[in-house]
Amino acid sequence: MDAHVAQTPVAAEAARRRTFAIIAHPDAGKTTLTEKLLLKGGAIQLAGAVRAKGNARRTRSDWMKIEQDRGISVATSVMTFERGGLVFNLLDTPGHEDFSEDTYRTLTAVDAAVMVLDAAKGIESQTRKLFEVCRLRDIPIITFVNKMDREARDPFELIDEIEKTLALDAAPVAWPVGRAAQFAGTWDLLERRFLPVDADDGAAIRLAGLDDPRLEALVGAERAAALREEAELAEAGLNAFDLEAFREGHLTPVFFGSALRDFGVGHLLDGLARYAPPPGPRAGDPREVQPGEDKLTGFVFKVQANMDPNHRDRVAFLRLCSGKLTKGMRLKQVRTGKQVPVNAPLFFFAKDRQVAEEAWPGDVVGVANHGTLRIGDTLTEGEELNFRGVPSFAPEILRHVQLEDPMLAKKLKTALDQLAEEGVVQLFRPLDGSLPVVGVVGQLQLDVLQSRLKVEYGVPARFQDTMWSMMRWVTGGKPELERFAEANRRDAGEDHDGELVAFFGSDWRRKRAEEEWPALRFHAVREQH
Ligand code: G4P
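How each quantity is defined
Residues numbered from 1 in each chain as written. Predicted model: local features only at pLDDT ≥ 70, side-chain atom pairs only at ≥ 80, totals over all residues. UniProt positions renumbered as here; feature names shortened; annotations may be inferred. Helix = DSSP H or I, 4+ residues; strand = E, 2+ residues; numbered from the N terminus. Buried ≥ 20, exposed ≤ 12 C-beta atoms within 10 Å, placed from the backbone. Contact = placed C-beta atoms within 7 Å. Domains from an automatic or database assignment. Nonpolar A, V, L, I, M, F, W, Y, C, P; charged D, E, K, R; others polar. Near = placed C-beta within 6 Å. Axes fitted to C-alpha atoms, helices over the stretch in contact; angles between N-to-C directions. Parallel < 35°, antiparallel > 145°, perpendicular 65-115°, else oblique. Left-handed = near helix turned anticlockwise from the far one by under 90°. pLDDT = per-residue confidence, 0-100. Pairing = 2+ DSSP bridges.

Named according to an unreviewed UniProt entry, the chain is Peptide chain release factor 3 originating from Roseicella frigidaeris. The UniProt entry for the chain carries this comment under Function (unreviewed entry): "Increases the formation of ribosomal termination complexes and stimulates activities of RF-1 and RF-2. It binds guanine nucleotides and has strong preference for UGA stop codons. It may interact directly with the ribosome. The stimulation of RF-1 and RF-2 is significantly reduced by GTP and GDP, but not by GMP." Listed under Sequence similarities (unreviewed entry) in UniProt, the entry text for the chain is "Belongs to the TRAFAC class translation factor GTPase superfamily. Classic translation factor GTPase family. PrfC subfamily."

In structure tokens:
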């Protein structure tokens, strides 16, 4: 437990929260692991819901047509479970490779992440991208090397790859005993226990050490000899686990297991409970907020429309940073100064909504509203305070939106404005008055946009290529910005908040612009507000 434990009820509740996400390349086993974690946390009835990708899933989430068509989850949900006196909030993220802006934003709302690797593949492209986002905030990362029941790469090689490709120290806390079909379990390097693959995770076998002759009886002479040699090498040559380095985001503890066979998941969960930090202080303007403060603060990291087809409202996902939330509170939206009533805060439990009685720092609640709340908004009990750090990423695909029926122009504008506020797409208005430009990180986001324009707003639209393949936010002194805008009217625009952006046809052109305008800065990431 943490040193600053718990003088006030708020501090005590904050200290028992663990709010985390799972990052993984598609197919590494995130869904399977999520399911097994929920099972351990007693949320058994949900296990099938997480897993179901076919018809079962569709019936549960028929609120969005695109989801039915594709059988993939576009929504981020929050799954809460309790274990050992702790409350775990698992913020789920869309796993599809192509649709990751939501994932990125979700990572601003967690205090730790579990990085799942496929033991045969190691670090993959999406793992690396997501890791980089975690690194922006130095989020502590626990690594779970999954699929140890199959042909796997050498653990030394995997650890070396983590260290080299991510520039992150890696410390094994478990060591695999036997490989593939011969995989017998793991040796807990910290607790000196053997965790056999065919027993419940709880049923660890404590030995005096690796020299204990019982090891042979447990795993056979060959595997015992290999383990002794490897564990000795690992202890001598690899990083030892260091809680402080982990909490600072410089070192990842590495667990080995098999989500499918439900092996190593309990060990991982124990690691999360023990090592992952509770909600910590959060940077804001003009001050940092401590989780134990009595007054409520929080920020919106996601907005979702139409989660429930019977209530065509929008739900803002609010991560609490301090204080206690109760039903019926009125909170101040700092950006506008407006009061936002929180009459029926929602806890998200997979796709089911539950009315929450109270929520604490680290928790995520849904606040129903009619479009008032935006991604990046800070809510307080009255204080003028803004949290930093909910980012927008420069989109990689830029398209003009073209109406099939020009009479619907006004409707299109409303629809695009709303969808941009929700974070479905980014919206830019070119300075020369040409058609609006939408920007997305992946192609799938365009499909989502097209479907929602048609289904929800009755505005069929098409996308037209632009000459651009990248954009940057431009900042600098006002006169210089104006000169830039004037000189680049055809390749510049404003984003949804009126910030100047520049479009480029190639990376070469971007570099040229940076050279030509040394007094300006070109940003690939923008923090909202
Ligand atoms: P994802 O959410 O990261 O995309 O991965 P998911 O859990 O869906 O797992 C991808 C595939 O890997 C699934 O197989 C799953 O059963 C398998 N898998 C997950 N964990 C393990 C493991 O520990 N060991 C082994 N051997 N396989 C694992 P699939 O055939 O694609 O799907 P399904 O037919 O099993 O549903």
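*Asks:* Teacher, can you tell me more about the overall build of the chain here?
*Replies:* The secondary structure content of the chain amounts to 16 helices and 33 strands. Classification of the 529 residues of the chain by burial places 45% in the buried group. Nonlocal contacts in the chain, meaning residues at least 24 apart in sequence, comprise 71% of its contacts between residues at least 6 apart.

*Asks:* What should I look at first to understand the domain arrangement of the chain in this one?
*Replies:* As a measure of interface size, the accessible area lost when the parts come together is often cited. By domain assignment, the chain separates into domain 1 (15–275), domain 2 (282–387) and domain 3 (391–527). Between the C-alpha centres of domain 2 and domain 3 the distance comes to 28 Å. In terms of residue count, strand E13 (residues 297–305) provides more of the side of domain 2 that touches domain 3 than any other element does, three residues in total. When the residues that make up the side of domain 2 that touches domain 3 are grouped by side-chain class, the tally is three nonpolar, two polar and three charged.

*Asks:* Got a minute to help me understand the site of the ligand in this structure?
*Replies:* Not every one of the 17 residues close to the ligand is listed here, only the nearest: Gly29, Thr31, Thr32, Ser258 and Leu260. In terms of residue count, the dominant contributor to the shell around the ligand is helix H2 (residues 30–40) (three residues). Residues belonging to the shell around the ligand are distributed by class as follows: five nonpolar, six polar and six charged.

*Asks:* What am I meant to see in the packing of helix H13 (residues 409–422) against helix H14 (residues 443–457) here?
*Replies:* Helix-helix packing is described using two parameters, namely the angle between the two axes and the distance between the axes. Across the interface, H13 lies against H14 with an axial gap of 11 Å and an inter-helix angle of 120°. What the angle tells us is that H13 and H14 run oblique. In the packing of H13 onto H14, the handedness of the crossing is right-handed. Here H13 contributes Lys411, Ala415 and Leu419 to the contact with H14, which in turn contributes Leu449, Arg452, Leu453 and Tyr457. Partitioning the contact of H13 with H14 into residue classes produces five nonpolar, no polar and two charged.

*Asks:* Would you mind showing me how to read the packing of H2 against helix H12 (residues 265–275) here?
*Replies:* Viewed as axis vectors pointing N to C, H2 and H12 meet at an angle of 75°, and their least axial separation amounts to 10 Å. With respect to H12, the axis of H2 lies roughly perpendicular. Where H2 abuts H12, its residues Leu33, Lys36, Leu37 and Lys40 lie against Val265, Gly266 and Leu269. Its residues placed into classes, the contact of H2 with H12 shows four nonpolar, one polar and two charged.

*Asks:* What should I look at first to understand the confidence of the model for the chain in this one?
*Replies:* Caution applies to low-pLDDT regions: their predicted coordinates should not be interpreted in detail. Overall, the predicted model of the chain reaches an average pLDDT of 86, with 86% of residues at or above 70. Within the model, pLDDT remains below 50 along residues 44–76, and this stretch shows 57 contacts once partners closer than five positions in the same chain are excluded. Under the prediction, the complex receives an ipTM of 0.98, its pTM being 0.83.

*Asks:* Can you help me understand unusual backbone geometry in this one?
*Replies:* Among all residues save glycine, negative phi is the norm, and among peptide bonds the norm is trans. The residue after aspartate 285, namely proline 286, is reached through a cis peptide bond having omega 5°. With phi around 85°, aspartate 27 is a residue other than glycine that occupies positive phi space. With respect to the helices and strands, aspartate 27 occurs in the loop between strand E1 (17–24) and H2. Of the residues examined, aspartate 27 has 14 C-beta atoms within 10 Å and is grouped as partly exposed. Even without being glycine, aspartate 262 reaches a positive phi, approximately 55°.

*Asks:* I'm lost on the sheet that holds strand E27 (residues 437–440) in this one. Help?
*Replies:* Taking strand neighbours across the sheet as the criterion, the eight strands line up as E28-E25-E27-E26-E30-E31-E29-E32 in an open arrangement whose pairing is antiparallel. Each of the sheet's edge strands pairs with one partner strand only, and the pair in question is strand E28 (461–465) and strand E32 (521–523). Going from strand to strand, the sheet's axes swing by 40° on average, the running direction of each strand aside. Bridge count for strand E29 (residues 470–475) against E32 is three bridges, and the pairing is antiparallel. For threonine 475, the partnering residue across the bridge sits in E32 and is arginine 521. Those strands touched by helix H16 (residues 507–516) are E29, strand E31 (500–504) and E32, and its axis lies near 135° from that of E31.

*Asks:* What is the right way to read the sheet that holds strand E4 (residues 112–118) from this model?
*Replies:* The pairing of strands in a sheet comes from backbone hydrogen bonds and takes either a parallel or an antiparallel form. The strand order across the open sheet formed by seven strands is E2-E3-E1-E4-E5-E11-E6, and the pairing between neighbours is mixed. At either margin of the open sheet sits one strand with a lone partner, and together these are strand E2 (78–83) and strand E6 (169–172). In this sheet, adjacent strand axes meet at a mean angle of 30° when their direction is disregarded. Here E1 runs beside strand E3 (residues 86–91); their pairing, made up of five bridges, is parallel. What sits directly across from alanine 21, in E3, is leucine 91. Sheet contacts for H2: E1, E2, E3, E4 and strand E5 (141–146); angle to E1, the most-contacted strand, approximately 155°. Running over the sheet, helix H8 (residues 155–166) touches E5, E6 and strand E11 (251–256) and is turned about 150° from E6.

*Asks:* Just checking my understanding: could you explain the pairing of strand E14 (residues 314–322) for this structure?
*Replies:* For E14, the buried fraction is high: nine of the nine residues fall into the buried class. In terms of strand pairing, E14 meets strand E21 (residues 364–369) through six bridges, oriented antiparallel. The residue of E21 that forms the bridge with arginine 319 is valine 364.

*Asks:* I tried to follow the UniProt feature "binding site: GTP" (unreviewed entry) in the chain on my own but got confused; where do I start?
*Replies:* When the UniProt feature table is mapped onto this chain numbering, "binding site: GTP" (unreviewed entry) sits at Asp92, Thr93, Pro94, Gly95, His96, Asn146, Lys147, Met148 and Asp149. With respect to the helices, strands and loops of the structure, aspartate 92 is situated in the loop between E3 and helix H6 (101–106). The topology assignment puts lysine 147 in the loop between E5 and H8. Leaving out residues up to four positions away in the same chain, lysine 147 has contacts with Gly29, Asp118, Ala119, Ala120, Ala152 and Ser258.

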